[in-house]
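Remarks on the overall topology
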Amino acid sequence: MISLLSRSLGSVRRLSGPPVRSVAPDKPRPPEASAARVRKTFVDFFEREHGHLLVPSSPVRPRGDPSLLFVNAGMNQFKPILLGTADPRGAMASYRRVVNSQKCVRAGGKHNDLDDVGKDVYHHTFFEMMGNWSFGDYFKEEACAMAWTLLTERFGIASDRLYVSYFAGDAASGLGADEETRRIWLDIGVPPARLLPFGPKENFWEMGDTGPCGPCSEIHYDRVGGRDAAGLVNKGCPDVLEIWNLVFMQYSRECHGELRALPCRSVDTGLGLERLLGILQGKTSNYDTDLFAPLMDAIHQRSGVSAYGGRTGPGAQVDAAYRVVADHARALTVCIADGVHPGTSGAELVLRRILRRAVRFCTEVLRAPQGTLASLVPYVARSLGDAYPELRREADRAMDVIDENEDHFLSGLRKGSRLIRRTLDTTDAQRGRFPASVVCSLHRDLGFPLDLVDLMLEEKGVSVDRQEVERLIANQHKATSERAGAGGHVAMGAVVLAELRRGGVAYTEDSAKYEYAVERERYVFPPCRARVLALFDGTALVSQVAPGQRCGVILDRTSFYAERGGQDADRGYFVRADLQEVPFSVEGVLTAGGYVIHQVTATDTLETGDQVHLHLDQTHRLACMTNHTATHLLNFALRNVLGPSVRQRGTRVSARRLRFDFSVKASLSASELRQVETCVKAAVVNNQAVHVQEVPLEAAIKIAGVRTVDEAYPDPVRVVSVSVPVSELLDRPAVERTSVELCCGTHLVQTASIGDLVIVSERQLVKGISRVVAVTGTDATLAREAGQSLLEEVDSLSARMTGSAPSCLDSAQSLAKEVGVVSDAVGNTPIPQWLRGELQVRLKALQRQSNTLVRKLETAQATLTAQALLAKTKQEVVLVDCVEAPSLSVLMKTVNHLSAARPDAHIMLLARQRHSGKILCACQVPEDSAAALSASDWATAVCQRTGGDGGGSAVVARGTGTGADVAEAVAWAEMFACNSLATFTLQLRDRLPIQTGSVGAGPNHSARIVRGALRPSRHKDEDPRARRRCSASALKTASDLTERRTSRHSRRCCRRRDNKTCCCLGKPRLPKIPHQSSPALSSPQNTRNSFGRVITSF
């Protein structure tokens, strides 16, 4: 087995000495151009000298952008501005000049560098993208001048090593060359020979298939210098590399491919810190800079190989492993700190692949102990913690997550290896083909690397159909993406939104969604009247839509809540004021750039200017309000019970239920779940008031205990507080602990309306992230009632099991089945999760008891049946009979008993089931006779003859069939066995010379000789000449056996055994081939012996 398995699947050594996290790495002395200094110089240049606003890096998990797995460019967090969808009340809408250093991950999706990491010295999964942006402010001239000044003057890069590319035009898109940018660079002083035109592949940047785009200009650096390197630009030469890309957003790509000019032009630039640092520190490799040097030293201290040498190519596997582990340690630390944990889908699946790839390189190539990967986290936190403080805060949690997932991976390798070994014993694998479905399952469920499967199968001389594996994996991905992409909306692009603004269409006034009150203990939602301001048919703004046409409707005001903050959008309809009997059903509600878009399929003509009356689905809205307020109470209760480390990671509020994801080390116990429910119940019983107030964002985030999530909040922002007025929270720095969150959702006025809350599900999505699902109100009451009913059923089963246990097999099987039915109900019925866990523990114990009882009664019945058969049969080589057996399990146990009593017999039993008409089949043959008569072949042949199928091993097999004539099946089964045994003996005669001599006489002795020829010898010290005499006599009497084939043989011969070879030949078993003297199987003559059993003669 390869070295990975020899280390990882056995006892893996751990890091010795004191715990890793107790030893902090020494802070290295920064070089003259350290990473921290370069990053600060870049930010200060734009912030202090050119009036840019410093915006912190967003987390690597994209905010509300399902099109991305990870943030992979600096512009990702600014997409709402570029698309024109930014909330006009939010801070982002005010951005004009921005600078930042953004954490980026390129692994998975369109931009995927994962497989390239390690092969060269400049690819990374995690990297820092420094950039400056202009949103409707400066454009090409200022952007080029600032970039050139920063590189050549602040960083001191020699201008004669810089080359600049610009857009050469694209006839297919109707775009000419970007001569404006070319003139700007010439004016700056770039020589014409260093100013190079390239086509759209290199110098036209697009956000996606649709959306903002534009020409770009790239600055390249020649590491060598003193030469003309113009011909090496964009040719993949590692010594001539791109360092800065300036993108000029001036177009929008429409859905049909047309380019339209953007009304507001923007600049988006990106400069990779790792590449720039390599240039400034005089390194030819990013991995030699101060960002990576401490990691390389730490890896070397823990590995069993030589120090990092920076080599590349086929013979540099160790150095490649250094680069992989160092890069992946950075990516893992950053992702986990930002709330992305290794998992089974999306970004989580990619992160799991990164972790497992790093573990393999650690154990297989670097020969490092388990725990090495997690021990690198403090070095990453020290290197990047000044720029990204969350890395220091979350370092311990990142180490825990990495350790747990590494241990889980190594355990999965052990499970996968066992599964591979078991599968290799199957018939298909023995024929040289390994099932593609098993490989797909290994890869999907256990994360087993495909290349490792190939290596293991190659060692066994077995192959797998890789095309079929890839097809199965592709089908899984397709199904996942189809589920993720289900549903769609009429979305407005940046051009349409700009057209609305140019046309003077006012932003939607949606404060009416918060206008409701409680009157006589009922919530009242006042009517809302509005006017149609704009209609969008999916491609353009129109003045009218016809019946049946799907469109987006923008009103001057609305009472509908748009999907936001995890809460589902409102349902309902509106009617035209002049046609109130025709409702326009609102299928969805979205926001874009300050506008609320109502998704509608027109039931009649609708025009701009029409007056409409809006009608909410009040039941749906009230249910969402109830569950949203309950979510706030649940968040508060979890923090109370589990501690302040609990952080919200996601939420979903619908009318049916609420879902809450949060960070926690392990699943909640039954006691903790009950405490959480009790805490929520207390707030409900006390009927606490829910206070809501709009507060300036800066003041809101300073409120003690306020809970926030990673979102871009508007300014001012709504603060939702339970029991304590928001004004008191602002006036006093500390108040009694209460639930207080920044939230734009709709909420109850008093908590008593929740009624009750029941957590019906709790599970860990990935290591460190749990998800709870809860129901409220009537659904919670029903869940508690269902739980009580199931508890009573389990109590009843326990009483029946511990009292008078069933004494007959039918009753025991019925009880076991009942336990299974209740177990399914407990697992699938919405009941309190804490109760579900307790009931499942009890049911597992009951299932074990009932199964044990069934096995005992089955064994007793099988023993009685076997004893009856033994009493009426003699010592026979082939024993086939029909018996009464209620199940295949009982039938198999009966065969086992018979085989134990008659170890030399080939036994098959059939049993007809009265209620179903099926014929059950079970058989067993002596291990040393499997060469002549395989149990699997025997059972398969008999079951297929009766219209079914069977299978098993060469010694034991089973199956089922159908048909009414069991006697015919018994006769045919016995005939098949006799023919197989006789044919094998005749094959032996054909392959060996017959020796003279006598070892006995008589017909019974002939049968004994034949039996001996079918099984290995048992004595180690037998004379070889005796073996030859025995073989000769066996072959001499083969013709007698052929004439006398019956099912009654007494088998006695030499008792030697040696590693499954023929006792008289010492050779492996021979393949079964037809023999000319063998009679046809289709013409048996049946008689009955004194016990009434069928005997077949030929």
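Residues numbered from 1 in each chain as written. Predicted model: local features only at pLDDT ≥ 70, side-chain atom pairs only at ≥ 80, totals over all residues. Heavy atoms only, no water.

Quick look at the overall build of the protein now. Of the regular secondary structure elements, the protein holds 32 helices and 36 strands. Scored against the burial criterion, the 1098 residues of the protein give a buried share of 51%. Restricting to contacts in the protein with at least 6 residues of sequence separation, those with at least 24 account for 73%. If you sum the accessible surface of the protein, you get close to 48500 Å²; carbon and sulfur atoms cover 49% of it. (Helix = DSSP H or I, 4+ residues; strand = E, 2+ residues; numbered from the N terminus. Buried < 20%, exposed > 50% of the residue type's maximum accessible area, 1.4 Å probe, protein only. Contact = heavy atoms within 4.5 Å. Areas by Shrake-Rupley, 256 points an atom, 1.4 Å probe, with all protein chains shown as cover.)

So, on to the packing of helix 24 (residues 777-802) against helix 26 (residues 833-872). Running from amino to carboxyl end, helix 24 crosses helix 26 at an angle of 25°, the nearest separation of the two axes being 11 Å. Taken together, the axes of helix 24 and helix 26 lie roughly parallel to each other. Our pair here, helix 24 against helix 26, has a crossing hand that is left-handed. Mapping the contact onto sequence places Gly787, Gln788, Leu790, Leu791, Val794, Asp795, Leu797, Ser798 and Met801 in helix 24 and Leu835, Leu839, Arg842, Leu843, Leu846, Gln849 and Ser850 in helix 26. Here the contact of helix 24 with helix 26 is built from residues that sort into nine nonpolar, five polar and two charged. (Axes fitted to C-alpha atoms, helices over the stretch in contact; angles between N-to-C directions. Parallel < 35°, antiparallel > 145°, perpendicular 65-115°, else oblique. Left-handed = near helix turned anticlockwise from the far one by under 90°. Nonpolar A, V, L, I, M, F, W, Y, C, P; charged D, E, K, R; others polar.)

Relative to the elements of secondary structure, Ser217 occurs in strand 7 (residues 211-222). On the basis of relative accessibility, which here comes to 0%, the residue Ser217 falls in the buried class. Of note is the side chain of Ser217, whose polar atom sits 2.7 Å from the backbone oxygen of Ser165. Within polar-contact distance, the side chain of Ser217 engages the side chain of Trp185 at 2.9 Å. (Polar contact = N/O pair within 3.5 Å; in protein donor to acceptor, adjacent residues only side chain to side chain.)

This next bit is on the packing of helix 24 against helix 25 (residues 809-828). Where helix 24 meets helix 25, the axes come as close as 11 Å, and the angle between the chain directions of the two elements is 155°. Taken together, the axes of helix 24 and helix 25 are roughly antiparallel relative to one another. Once helix 24 is placed against helix 25, the crossing between them reads as left-handed. Along the contact surface, helix 24 presents Leu790, Glu793, Val794, Leu797, Arg800 and Met801, while helix 25 presents Leu815, Glu818, Val819, Val822, Ala825 and Val826. A breakdown of the residues in the contact of helix 24 with helix 25 according to their chemical character gives nine nonpolar, no polar and three charged.

The full count for this structure, using the stated rule, is 43 salt bridges. The partner of Arg48 in a salt bridge is Asp44, and the shortest N-O contact between them spans 3.8 Å. Taken as a pair, Arg48 and Asp44 lie in helix 2 (residues 35-49) at a separation of four residues, close to a single helical turn. With its nearest N and O atoms 2.6 Å apart, the salt bridge here joins Glu468 to Arg471. You can see Glu468 and its partner Arg471 sitting in helix 18 (residues 466-484), three residues apart, about one turn around the helix. Of the residues examined, Arg471 reaches a relative accessible area of 41% and is grouped as partly exposed. In the salt-bridge network here, residues are joined through shared partners; they are Asp87, Arg89, Arg564 and Glu694. (Salt bridge = Lys/Arg side-chain N within 4 Å of Asp/Glu carboxyl O.)

Turning our attention to the pairing of strand 23 (residues 648-653). By the bridge criterion, five bridges tie strand 23 to strand 24 (residues 658-663) in an arrangement that is antiparallel. Bridged to Val653 within strand 24 is Leu658. The antiparallel hairpin formed by strand 23 and strand 24 contains four residues in its connecting segment. (Pairing = 2+ DSSP bridges.)

Strand order in the open sheet formed by five strands is 30-31-32-34-33, with mixed pairing between adjacent strands. Every interior strand has two partners, whereas the edge strands, strand 30 (878-882) and strand 33 (949-952), have only one. Pairs of neighbouring strands in the sheet enclose a mean axial angle of 10°, with direction left out of account. In the sheet, strand 30 pairs with strand 31 (residues 906-912) via five bridges, with the strands oriented parallel.

With that settled, the discussion passes to the pairing of strand 24. In terms of residue burial, strand 24 counts as a mostly covered element, since five of its six residues are buried. Relative to strand 29 (residues 769-776), strand 24 runs antiparallel, the two being bridged by six bridges. Bridged to Asp661 within strand 29 is Arg771.

Within the secondary structure, Gln913 is located in the loop between strand 31 and strand 32 (918-924). Owing to a relative accessible area of 7%, Gln913 belongs among the buried residues under this scheme. Polar contacts involving the side chain of Gln913 include one to the main-chain carbonyl oxygen of Ala885, which spans 2.8 Å. Discounting residues that sit within four places of it in the chain, Gln913 has contacts with Ala885, Pro886, Ser887, Lys918 and Leu920.

Turning our eyes to something else, we now look at the environment of Phe155. Note that Phe155 resides in the loop between helix 4 (140-154) and strand 4 (162-167). Classification of Phe155 as buried rests on a relative accessible area of 12%. A C-alpha to C-alpha distance of 8.4 Å links Phe155 and Thr41, two positions 114 residues apart in sequence. Excluding residues that lie within four positions of it along the chain, Phe155 makes contacts with Val38, Thr41, Phe42, Leu150, Leu276 and Leu280.

Our focus in this paragraph is the nonpolar core. Within the largest apolar cluster, 116 residues are counted, with the highest numbers of intra-cluster contacts made by Phe42, Trp185, Ile219, Ile243, Trp244, Leu373 and Phe434. It is helix 9 (residues 317-337) that contributes the most residues to this core, 12 residues altogether. Membership of the second largest hydrophobic core comes to 64 residues, among which are Tyr523, Ala569, Leu673 and Ile759. (Core = buried A, V, L, I, M, F, W, Y, C linked by side-chain atoms within 4.5 Å.)

Here the focus is the sheet that holds strand 25 (residues 690-695). Taken in spatial order, the three strands of this open sheet run 25-26-27, and their pairing is antiparallel. Only two strands of the sheet have a single partner each, and these edge strands are strand 25 and strand 27 (740-742). On average, adjacent strands in this sheet sit at an angle of 20° to one another, irrespective of strand direction.

Our next topic: unusual backbone geometry. Cis geometry marks the peptide bond from Asp715 to Pro716, where omega comes out at 5°. You can see Pro716 is positioned in the loop between helix 22 (697-700) and strand 26 (717-722). Positive phi is not limited to glycine here, since Asn234 has a value of about 60°. Tracing the backbone shows Asn234 in the loop between strand 7 and strand 8 (240-253).

The next point concerns a positive patch on the surface. On the surface, a cluster of positive charge is made up of Lys415, Arg418, Arg421, Arg422 and Lys460. For Lys415, the location among the structural elements is in helix 14 (residues 395-424). (Patch = residues over 30% accessible without salt bridge, like charges linked within 9 Å, V, L, I, M, F, W, Y side chains within 5 Å. Lys, Arg positive; Asp, Glu negative; His and termini not counted. Charge placed at Lys NZ, Arg CZ, Asp CG, Glu CD.)

Let's shift gears to the confidence of the model for the protein. On average, the protein scores 83 in pLDDT, and the residues at 70 or more come to 84%. A low-confidence stretch, residues 1-31 stays under pLDDT 50, and its non-local contacts, those more than four residues away or across chains, total 64 contacts. This stretch, residues 994-1098, has a pLDDT under 50; its non-local contacts, to residues over four places away or in other chains, come to 219 contacts. (pLDDT = per-residue confidence, 0-100.)

Checked against the element boundaries, Thr708 lands in the loop between helix 22 and strand 26. Sequence spacing of Thr708 and Glu741 is 33 residues, and the spatial spacing of their C-alpha atoms is 6.2 Å. Excluding its chain neighbours within four sequence positions, the residues that come into contact with Thr708 are Tyr713 and Leu742.

Below, the discussion takes up the packing of aromatic side chains. One pass over the full model with this rule turns up 19 aromatic pairs. Between the aromatic rings of Tyr287 and Phe292, the centroid separation amounts to 4.6 Å while the plane-to-plane angle is 50°, which identifies the pairing as tilted. Judged by relative accessible area, which is 0%, Phe292 ranks as buried. Centre to centre, the rings of Tyr516 and Phe525 are 5.6 Å apart; their planes meet at 40°, and the pair counts as tilted. A single burial state applies to Tyr516 and to Phe525, both of which are buried. In this structure an aromatic cluster arises from ring pairing among Phe42, Phe45, Phe46 and Trp244. Geometry around Tyr163 places Arg194 over its ring, the cationic atom sitting 4.7 Å from the centre. Against the face of Trp834 rests Arg674, its NZ or CZ located 4.0 Å from the ring centre. (Phe/Tyr/Trp six-rings, centres within 6.5 Å; stacked < 30°, edge-to-face > 60°. Lys NZ or Arg CZ within 6 Å of the ring centre and 35° of its normal.)

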